[in-house]
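One letter stands for each residue in the lines below.
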Amino acid sequence: MADQLVDREVASEQAFVDRVYQQLERAGLAAQQLAKEGHSRGRLGHEGGLVERDAMVFQAAKRIAQLDAAHEGLVFGRLDMTAAVDAQPRYVGRIGLRDEDRDSLIIDWRAPAAAVFYQATAAEPQDVIRRRVLRCTGPRVVGVEDELLDAEALSEAEATGRELPIVGEGALMAQLSRARDRSMHSIVATIQAEQDKAIRAPGKGVVSISGGPGTGKTVVALHRAAYLLYNDRRRYESGGVLIVGPSGVFMRYIERVLPSLGETAVALRSLGEVVDGYRATRHDEPAVADVKGSARMAELLRRAARQQAPGSPTEFRVFWRDDRITLDRGALGRVRRSLMSQGRRNKQLPRVSAALLDAMWKQVRGERGREQGREKFDDDMLSRDDFLDFALNWWPPLDAPTVLGWLRDPEFLARVAEGVLSTEEQRLLLKSWSGSTPTPQTGDLSIEDVPLLDELRYALGDVPQKAEDERDDPMELIEGGVDIQELMTAADREYAPTGRAWAPPTHSIEDDGFAHVLIDEAQDLTPMQWRMVGRRGRAASWTIVGDLAQSSWPAPDEAAAARASVLEGKPVHDFHLSTNYRNSAEIYDFAAAYAARVGLRADLPDAVRRTGVAPEVVTGVGDLEAATREAVVGTASKVAGTVGIVVPAARRSEVNAWLASWPELADDARGARAAIDSSVPPSGDDRVVVLTGLDTKGLEFDGIVVVSPDEIEAESATGRSTLYVVLTRATQLLTTLG
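Residue numbers run consecutively from 1 along every chain, following the written order of its sequence. Two thresholds apply to this predicted model, a pLDDT of at least 70 for residue-level local features and 80 or more for giving and counting side-chain atom pairs, whereas whole-chain, interface and lining totals are computed over all residues. Neither water nor hydrogens contribute to the side-chain values; these are computed over all heavy atoms in the structure.

### Structural notes on the overall build of the chain
- Helices and strands together make up the secondary structure of the chain, namely 29 helices and 21 strands.
- Contacts were defined at the residue level, with two residues in contact if any of their heavy atoms lie within 4.5 Å. Put simply, of all contacts in the chain between residues at least 6 apart along the chain, 76% involve residues at least 24 apart.
- Each accessible area value is a Shrake-Rupley result obtained with a 1.4 Å probe; residue values ignore everything except the protein chains displayed when judging cover. Taken as a whole, the chain presents about 32000 Å² of accessible surface, with 48% of it coming from carbon and sulfur. Secondary structure elements are defined from DSSP: runs of H or I of at least 4 residues count as helices, runs of E of at least 2 residues count as strands, and each element is numbered from the N terminus.

This is how it looks when you write it as structure tokens:
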């Protein structure tokens, strides 16, 4: 009888979902027709037609992308309200959709009318009798789960002949029992009330979301980004939304969430990709990372950006009329200090020739020279190749990789690091840069190098671009009646000497700002990373997600100071999530006991489900490969989803080689044979993967096998926090081998 009821309800909902997909197809055809009409406007032969074409094609493309992204699980919720509010069911979906009569078919989950879907509880039903979740595979309804929120209202409805049967064990518990695959699924259908408050928090200022492992911090933050885009689309689409995560594998893991909610105009970047033009996937060893991440590096890099370029000329001599003019070290030093006092180094490029000419003119004392005057002097000098070559070689346009490369010289590093870094810290830096200069071209960048390059970009400033109407030759400007002295010294004019123009930047630091910045695993950001991300959100609203007990940065006070500086003056709205939806109670109790044993001040959420399966601890392992193989094969046979093998960083290549040689896992582990930071993401059906402790940040797996946990703990000063994170990644099965 129960099965018949379920089948009947599924069939009923399927009929409605079929109607929705038919309307979705019509909407797609309408968008394509709009695009076709837009292209036809471009053939009208006038500018107005071109403008209309661009606008229509752009809007059509956006709508098509939104409709395409919505196909998976388009309809996921239904609300049955009290008769006094609405006797007809309200359906909630990933996007809003109307029928041919312009009546609402489904409500966009971000719309105010859908808020009650997440906010209603049995204690406060808010006129909701029954909340139903539709579980769909593509356009097919495969199940329904109901929650009865108001039993009294249900009785009243049934008395009037309105039938509202209750099916299933409840949407949340059904969601929790799902197998995990290699992508995070949107959980718009199971967001709970405390999560919904954070999602719909005010758009201005900072929303800080904290909570222990498994509380849904990441998915709540991503849904918040989608909600903001929906609520104030003009602001956030024009300004952009930046989402920053700890690693490339994490970004691939979450990348499906926002498109599945109908949002495609979002920049997702790992910490190694925040700066345009640079991409890093490897971490430095912990001791080096601690130095590069310290706030002290900002002062060191500021000093480096102000140094004279190594190998640049130190003297210039010229004879003019009756005077021998010399720019020696002392004179050049005074010019350099004067220029640097006016702003960033590259910004001074238009003023260099004028500043040098000022210093040289002071040495003109002969009667013939004075009679001919400053204008003639400037004219003669600017026509000399030796002067122009000297000016550009003495003050060349600089980029960040070049200046970072200067630090490979022990003498240069010692000079700028005096009083900032110890001798041992300098040695660690030199060792990390002992190969080629770290640049995007050499591929030698570490994730910790990227904030250093960004710091140098801002210390150096952009290379100025000349206005379109400016010509390269200042002689032509003089002949045109322009005052060359005024041209070269005015702070708001930018031009390069004859024929020696500097290359304009491919990406300006002025283009870095976003309207909203979302940081996940914020507790791991170093002070230098906070400075890097902060530059992209000076005028932005923020969503910050983290848990201090999971931090891999050993100086939390220093990081807190950097964070406070970035967010200074912005109102902060704090939200704390207290329920662990990921781990079974058995697994989380094990992880919490470890945290207490090693002295971590962990935020301990309540795990809401039990499986009856305790973590397995294997000690006294003789043959580590054999033990790992047995544990992984056993775990993979018991769970339907993903299995993570977590290893010390030094063992990753070794364990990847083991995995590749195990025939019983060959099909499951194809993607695991490549390093986790490969630029090619693994295919969707790869179930088994090898990761380091840091790689697991933000991820979750059905089963976790931890190899040599004592070595993971000993890898760094924050190894205990890292191991705690590892122990909280499993949803069903956890095994440790050590």
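Alright, that's what it looks like, and here's the rest.
### Quick word on helix α16 (residues 385–394)
- Here's how the labels work: a residue is buried when its accessible area is under 20% of the maximum for its type, exposed when over 50%, partly exposed in between, all with a 1.4 Å probe on protein chains only. Considered for burial, the residues of α16 that qualify are Phe 387, Leu 388, Phe 390, Ala 391, Leu 392 and Trp 394.
- Those residues of α16 that are buried lie in contact with β10 (316–320), β11 (323–327), α13 (329–340), α14 (352–361) and α15 (367–382).

### Examining the pattern of salt bridges
- The term salt bridge refers to a side-chain nitrogen of Lys or Arg lying within 4 Å of a carboxyl oxygen of Asp or Glu. Under the criterion given, the structure shown has 45 salt bridges.
- A salt bridge links Arg 78 to Glu 13, with the nearest nitrogen and oxygen atoms 2.9 Å apart. With Arg 78 in strand β1 (residues 75–81) and Glu 13 in helix α1 (residues 2–41), this pair connects stretches of sequence that are 65 residues apart. Take Arg 78 and Glu 13: they sit in the same class, and that class is buried.
- Salt bridges here are not isolated pairs; linked through shared partners, they connect Arg 8, Glu 9, Glu 13, Arg 78, Asp 80, Arg 130, Arg 132, Asp 146 and Glu 163.

### Focus: the packing of helix α11 (residues 286–293) against helix α19 (residues 423–432)
- What counts as an axis is a line fitted to C-alpha atoms, over the stretch in contact for a helix, and the angles between N-to-C directions run from 0 to 180 degrees. Close contact between α11 and α19 brings their axes to 9 Å; oriented N to C, the two are set at 105°. Classified by the interaxial angle, the pair formed by α11 and α19 is roughly perpendicular. Judged by residue contacts, Ala 287, Val 288, Val 291 and Lys 292 of α11 engage Glu 425, Leu 428, Leu 429 and Ser 432 from α19.
- Among the residues forming the contact of α11 with α19, the class breakdown is 5 nonpolar, 1 polar and 2 charged. The cut-offs work like this: below 35 degrees is roughly parallel, past 145 is roughly antiparallel, 65 to 115 is roughly perpendicular, and the gaps in between are oblique. Following the grouping adopted for this structure description, the nonpolar residues are Ala, Val, Leu, Ile, Met, Phe, Trp, Tyr, Cys and Pro, the charged ones are Asp, Glu, Lys and Arg, and the polar ones are all others, Gly among them.

### Here we look at the pairing of strand β20 (residues 701–707)
- Counting buried residues in β20 gives 7 out of 7 residues, a clear majority hidden from the surface.
- Strand pairing is defined by DSSP finding a minimum of two bridges between the two strands. Examined bridge by bridge, strand β18 (residues 643–647) and β20 share 4 bridges and lie parallel to one another. Note that in β20 the partner of Ile 645 across the bridge is Val 705.

### Quick notes on the environment of Ser 341
- Note that Ser 341 resides in the loop between α13 and α14.
- At a separation of 2.6 Å, a polar atom in the side chain of Ser 341 contacts the main-chain carbonyl oxygen of Ser 338. In the analysis that follows, any N or O atom pair within 3.5 Å is treated as a polar contact, provided that within protein one partner can donate a hydrogen and the other can accept it, and provided that, for residues neighboring in sequence, both atoms belong to side chains.

### A closer look at unusual backbone geometry
- Here Gln 126, not a glycine, exhibits a phi torsion of approximately 55°, which is positive.
- Its place among the elements puts Gln 126 in the loop between α3 (115–119) and β5 (128–137).
- By relative accessible area, Gln 126 is classed as partly exposed at 36%.
- Positioned with a positive phi, Glu 521 is a non-glycine residue whose angle comes to about 55°.
- With respect to the secondary-structure elements, Glu 521 resides in the loop between β12 (516–519) and α23 (527–534).

### Topic: the packing of aromatic side chains
- Only rings of Phe, Tyr and Trp enter the pairing, Trp through its six-membered ring, and a pair is recorded when the two centres are within 6.5 Å. The plane angle decides the type: under 30 degrees is stacked, over 60 is edge-to-face, the rest tilted. In the structure shown here, the tally under the stated rule is 11 aromatic pairs.
- Aromatic side chains Phe 16 and Tyr 91 sit 3.7 Å apart centroid to centroid with 15° between the ring planes, which places their arrangement in the stacked category. Of this pair, Phe 16 sits in helix α1 while Tyr 91 sits in strand β2 (residues 90–93); the two residues are 75 residues apart in sequence, bridging distant segments of the chain.
- Among the aromatic residues, those joined into a cluster by ring pairs are Phe 316, Phe 387, Phe 390, Trp 394 and Trp 395.
- When the ring centre of Trp 395 is taken as reference, the NZ or CZ atom of Arg 345 above it lies at 5.1 Å.
- Geometrically, a charge over a ring is one whose NZ (Lys) or CZ (Arg) sits within 6 Å of the ring centre while staying within 35 degrees of the ring normal. Positioned above the aromatic ring of Tyr 458, the side-chain terminus of Arg 535 is 4.8 Å from the ring centre.

### Some remarks on the nonpolar core
- As used here, the term nonpolar core means buried Ala, Val, Leu, Ile, Met, Phe, Trp, Tyr and Cys residues forming a set that is joined through side-chain atoms within 4.5 Å. Ranked by size, the top nonpolar core spans 72 residues in total, and within it Trp 109, Ile 209, Ile 243, Ile 254, Leu 258, Val 706 and Tyr 724 carry the most contacts.
- If we ignore the near neighbours within four places in the chain, the residues touching Val 706 are Val 646, Ile 712, Leu 723, Val 726, Leu 727, Leu 734, Thr 735, Thr 736 and Leu 737.

### Here's the deal with the sheet that holds strand β21 (residues 730–737)
- If you trace the 5 strands from one edge of the open sheet to the other, you get β17-β21-β20-β18-β19, paired in parallel fashion. Across the chains shown, the open sheet's two edge strands, defined by having one partner strand only, are β17 (616–618) and β19 (688–692). On average, adjacent strands in this sheet sit at an angle of 20° to one another, irrespective of strand direction.
- Running at roughly 45° to β21, helix α25 (residues 585–598) makes contact with β17 and β21 of the sheet.

### Topic: the sheet that holds strand β9 (residues 267–270)
- A sheet is described by the order of its strands in space; here 6 strands give the open sequence β9-β8-β12-β13-β7-β14, paired in parallel fashion. Looking at the sheet topology across the chains shown, the edges are occupied by β9 and β14 (572–577). Neighbour to neighbour, the strand axes of the sheet diverge by 15° on average, direction disregarded.
- Where strand β8 (residues 241–245) lies against β12, 4 bridges are found, and the strand directions are parallel. Bridging from a neighbouring strand, Leu 242 pairs with Val 517 of β12.

### Looking at the side chain of Gln 550
- Its location among the elements puts Gln 550 in the loop between β13 (541–546) and α24 (556–566).
- A residue is classified by how much of its surface remains accessible, and Gln 550, at 3% relative accessible area, is buried.
- Reaching out from Gln 550, the side chain makes a polar contact with the side chain of Arg 729 at a distance of 3.4 Å.
- Once residues within four sequence positions are removed from consideration, Gln 550 is found in contact with Gly 212, Pro 213, Lys 217, Glu 521, Gln 523, Asp 524, Lys 697, Ser 721, Tyr 724, Val 725 and Arg 729.

### Points about α13
- Expected helix span is given by 1.5 Å per residue-to-residue step, counting one fewer step than there are residues. With 12 residues, α13 should cover 16 Å at 1.5 Å per step; its first-to-last C-alpha distance of 16 Å lies within 8% of that length.
- Residues Ala 331, Leu 332, Gly 333, Val 335, Leu 339 and Met 340 constitute the buried set of α13.
- Of the surrounding secondary structure, the elements contacted by the buried residues of α13 are α12 (296–306), β11, α14 and α16.
- The N-cap of α13, judged by a side-chain oxygen 3.3 Å from the amide nitrogen of Gly 330 a few residues on, is Asp 328.

### Some details on the environment of Ile 587
- Looking at the secondary structure, you find Ile 587 in helix α25.
- For Ile 587 and Ala 614, which are 27 residues apart along the polypeptide, the C-alpha to C-alpha distance reads 6.5 Å.
- Aside from chain neighbours lying at most four places away, what touches Ile 587 is Pro 615, Leu 727, Ala 730, Thr 731, Gln 732, Leu 733 and Leu 734.

### Focus on the confidence of the model for the chain
- Per-residue confidence from the prediction method is given by pLDDT, with values spanning 0 to 100. On average, residues of the chain carry a pLDDT of 84, and 82% of them reach 70 or more.
- For the stretch residues 467–502, pLDDT sits under 50, and the model shows 66 contacts to residues farther than four places along the chain or on other chains.
- Low pLDDT (under 50) marks residues 669–685, which in the prediction has 34 contacts with non-local residues, meaning those over four places away or in another chain.

### Some words on the side chain of Glu 586
- Summarising the element assignment, Glu 586 is placed in helix α25.
- Of note is the side chain of Glu 586, whose polar atom sits 2.8 Å from the backbone nitrogen of Gly 612.
- Among all residues touching Glu 586, those that are not within four sequence positions of it are Arg 609, Arg 610, Thr 611, Gly 612, Val 613, Ala 614 and Pro 615.

### Overview of the packing of α25 against helix α29 (residues 719–727)
- Packing of α25 against α29 leaves a shortest axis separation of 9 Å and a crossing angle of 170°. The angle between the axes of α25 and α29 places the two elements in the roughly antiparallel class. Between α25, through Ile 587, Tyr 588, Phe 590, Ala 591, Tyr 594, Ala 595 and Val 598, and α29, the contact on the second element is made entirely by Arg 720, Leu 723, Tyr 724 and Leu 727.

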